[in-house]
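Next come the chains, spelled out residue by residue.
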Amino acid sequence: MKKTSRVAYNLWRRVQSWLTIFELSVQERLVYRGEFFLGALMRFLPIVTQILLWAAIFEAVGGVTQARIVGYSYRQMVAYYLLTMISRAFSSMPSLASGIARDIRDGNVKKFLVQPVDLLGFLLLHRVAHKVVYYVMALGPFFVIFYLCRGFFEGWPDGSVISAYILSLLLAFLLGFYLEATIGLVGFWFLEVSSLVFVFMLLNFFFSGHMFPLDMLPEPFRSLVALLPFQYLAYYPSAIFLGKVPAETVWLGVGVQGLWTLAAFVTARVVLYLGVRRYSGFGG
């Protein structure tokens, strides 16, 4: 009985510590709420350019009301772009990889090695706080933009599709976090990872479907991209919402996304474990 009580007490203390970290991270993010609001507002400015660009493209291939490109109408294409903005807002992790590498290079990572605070757990809670504050600050601009662009959507999908869409967004957040964290943890071997970050961001931006729907890629490139995890960061959640994923395979795809997330989690943990073993504790 005493052993059980001690385990429960230790678990409760650990939960309290994580809640405290999350609360402090939220307070830290709220200091920059003006920057978050302005950043959210500026994020929507390219929408006008995209709407005009796709209007010109569809007009050139048969008219905005009749033409279809790889199964997308003009309205669906604009809706897809708006949805990928939401997906990217979940999965993007600004400065995460470079920040981890900088802490390793400067020696600031030592505080996670001498204190009972898990590095990846701390950074994950910090990013959760970042996203929570961002969406609270961006709620107004999001509402206005999507209200003005409501005509591009063909209605709400059913409850099962909405559930799959929300779960896919949450998995996109975790997948994006652990992928970028792994890039940053490579800093245990290479103190400067800016080139790796640039290559990763380039591949991410192109193969995630943020530039255009991945359906546009010809074979065999489409099949090759499907073997990578990047499509689950932006394309797949948006495709679920728009009904571009067959109903009988929606949850199978979400399951594959979950497996990629688990693989990214394990990879980050292994890289952290191996990196700490060779860390020399310099800097700081």
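Residues numbered from 1 in each chain as written. Predicted model: local features only at pLDDT ≥ 70, side-chain atom pairs only at ≥ 80, totals over all residues. Heavy atoms only, no water.

## Some words on helix 9 (residues 194-207)
Put simply, the rule reads: Strands are runs of DSSP state E lasting at least 2 residues, helices are runs of H or I lasting at least 4, and numbering of each runs from the N terminus. To estimate the expected span of a helix, subtract one from its residue number and multiply by 1.5 Å. Three labels apply to residues, based on accessible area from a 1.4 Å probe with only protein chains included: buried if under 20% of the type maximum, exposed if over 50%, partly exposed otherwise in between. Note: the arc covers the axis-to-C-beta directions of the helix. In what follows, a contact means two residues having at least one pair of non-hydrogen atoms within 4.5 Å.
Between its first and last C-alpha atoms helix 9 spans 20 Å; for 14 residues at 1.5 Å apiece the expected length is 20 Å, and the two agree. When helix 9 is considered as a whole, its buried residues turn out to be Val197, Phe200, Asn204 and Phe207. Angular distribution of buried residues about the axis of helix 9 spans 120°; they occupy a single face of the element. Exposed residues pointing more than 90 degrees away from the buried face of helix 9 are listed as Ser195, Phe198 and Leu202. Lining the buried residues of helix 9 we find helix 4 (74-91), helix 5 (96-106), helix 8 (159-185) and helix 10 (221-226).

## Notes on empty space enclosed by the protein
For clarity, the cut-off: A cavity, in this analysis, means grid points on a 1 Å lattice covering only the protein atoms where a 1.4 Å probe fits yet has no way out; a pocket is instead an open set bounded by protein on both sides within 12 Å along at least five of seven lines, and a residue lines either one if it has an atom within 4 Å of a point. Grid points are joined across faces, edges and corners, and a volume is the space filled by probe spheres set on the points.
A complete count under the given rule lists one cavity of 30 Å³ or more for this structure. Approximately 40 Å³ is the volume attributed to the largest cavity. Taken together, Gln50, Trp54, Met77, Tyr80, Tyr81, Gly209, His210, Met211, Phe212 and Pro213 make up the full set of residues lining the largest cavity. For the lining of the largest cavity, the secondary-structure elements that each account for two or more residues are helix 3 (46-60) and helix 4. No other element matches the three residues that helix 4 contributes to the lining of the largest cavity.

## Quick notes on the packing of aromatic side chains
Aromatic ring pairs: the centre-centre distance and the angle between the two ring planes describe each pair. Definition in use: The rule is short: rings of Phe, Tyr and Trp, with Trp giving its six-membered ring, pair when the centres are within 6.5 Å, and they are stacked under 30 degrees, edge-to-face over 60, tilted in between.
One pass over the structure, following the stated rule, counts 15 aromatic pairs. Aromatic pair Trp156 and Phe241: ring centres 5.8 Å apart, planes at 70°, arrangement edge-to-face. Residue Trp156 is found in the loop between helix 7 (119-148) and helix 8, and its partner Phe241 is found in helix 11 (residues 235-242); the two are separated by 85 residues along the sequence. For Phe241, a relative accessible area of 12% corresponds to the buried category. Residues Tyr165 and Phe241 carry aromatic rings whose centres are separated by 5.2 Å and whose planes lie at 65° to one another, so their mutual orientation is edge-to-face. Separated by 76 residues along the polypeptide, Tyr165 in helix 8 and Phe241 in helix 11 bring together distant segments of the chain. Per residue, the accessibility class of Tyr165 equals that of Phe241, and both read buried.

## Looking at helix 5
Within helix 5, the full set of buried residues consists of Leu96, Ala97, Gly99, Ile100, Ala101 and Ile104. Of the residues trailing helix 5, Gly107 is marked for its positive phi of about 90°.

## What about the packing of helix 4 against helix 7?
What counts, and what does not: Axis definition: a line fitted to C-alpha atoms, limited for helices to the stretch in contact. Angles are taken between N-to-C directions and run from 0 to 180 degrees. For classification purposes, angles smaller than 35 degrees are called roughly parallel, those larger than 145 roughly antiparallel, those between 65 and 115 roughly perpendicular, and all remaining angles oblique. Gly counts as polar in this scheme, as do all residues outside two lists: the nonpolar Ala, Val, Leu, Ile, Met, Phe, Trp, Tyr, Cys and Pro, and the charged Asp, Glu, Lys and Arg.
Direction vectors running N to C along helix 4 and helix 7 enclose 170°, while the axes themselves pass 12 Å from each other. With respect to helix 7, the axis of helix 4 lies roughly antiparallel. Taking contact as the criterion, the partners of Leu82, Ile86, Ala89 and Phe90 in helix 4 are, on helix 7, Lys131, Tyr134, Tyr135, Phe142, Ile145 and Phe146. Across the contact of helix 4 with helix 7, the residue classes break down as nine nonpolar, no polar and one charged.

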